[in-house]
Amino acid sequence: MTRNPDRNILIIGGGIGGLSASIALQNAGYSTRVFEAAPAFTALGVSVGRDCPGFG
Ligand SMILES: Cc1cc2nc3c(=O)[nH]c(=O)nc-3n(C[C@H](O)[C@H](O)[C@H](O)COP(=O)(O)OP(=O)(O)OC[C@H]3O[C@@H](n4cnc5c(N)ncnc54)[C@H](O)[C@@H]3O)c2cc1C
């Protein structure tokens, strides 16, 4: 995908939502910059849950 410098998108927040949006937009040819307020990435939760009827 060719980058278009006129298609810059600023994303506020580097959580999973912001980072996912950034990746998707870059795959669509946009240039993105992610601004994150936190000084460092740290663990927030414990794990990704996978409870559903298929897991016994
Ligand atoms: C205590 C806790 C435990 C959790 N545990 C789990 C778990 O075990 N498994 C699981 O799947 N989910 C868990 N979650 C839920 C999961 O963290 C959220 O669903 C997910 O992080 C939401 O992603 P998001 O990108 O929408 O928001 P966030 O992850 O909140 O990301 C938003 C980001 O934007 C930044 N931001 C905000 N305002 C500004 C600003 N003005 N300028 C720049 N940056 C800014 C914040 O610093 C933050 O990094 C937990 C949530 C909490 C609160």
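Bear in mind the structure is a predicted one, so any value in this text is a computation, not a measurement.

**Considering the side chain of T32**
Mapped onto the fold, T32 is located in strand β2 (residues 31–35). Taking relative accessible area as the criterion, T32 reaches 16% and is therefore assigned buried. Within polar-contact distance, the side chain of T32 engages the side chain of S22 at 2.7 Å. A distance of 2.9 Å separates the side chain of T32 from the side chain of Q26, its partner in a polar contact.

**Notes on the pairing of β2**
Where strand β1 (residues 8–12) meets β2, five bridges bridge the pair, whose relative direction is parallel. Of the residues in β2, the one forming a bridge with I11 is V34.

**Focus on the packing of aromatic side chains**
Counted under the stated rule, the structure contains zero aromatic pairs. In this structure, R7 packs its charged tip against the face of Y30, placed 4.0 Å from the ring centre.

**Comments concerning the environment of Q26**
When you line up the elements, Q26 lands in helix α1 (residues 16–27). Remark: the alpha-carbon pair of Q26 and N8, spanning 18 residues in sequence, is separated by 9.7 Å.

About the cut-offs
Residues numbered from 1 in each chain as written. Predicted model: local features only at pLDDT ≥ 70, side-chain atom pairs only at ≥ 80, totals over all residues. Heavy atoms only, no water. Helix = DSSP H or I, 4+ residues; strand = E, 2+ residues; numbered from the N terminus. Buried < 20%, exposed > 50% of the residue type's maximum accessible area, 1.4 Å probe, protein only. Polar contact = N/O pair within 3.5 Å; in protein donor to acceptor, adjacent residues only side chain to side chain. Pairing = 2+ DSSP bridges. Phe/Tyr/Trp six-rings, centres within 6.5 Å; stacked < 30°, edge-to-face > 60°. Lys NZ or Arg CZ within 6 Å of the ring centre and 35° of its normal.

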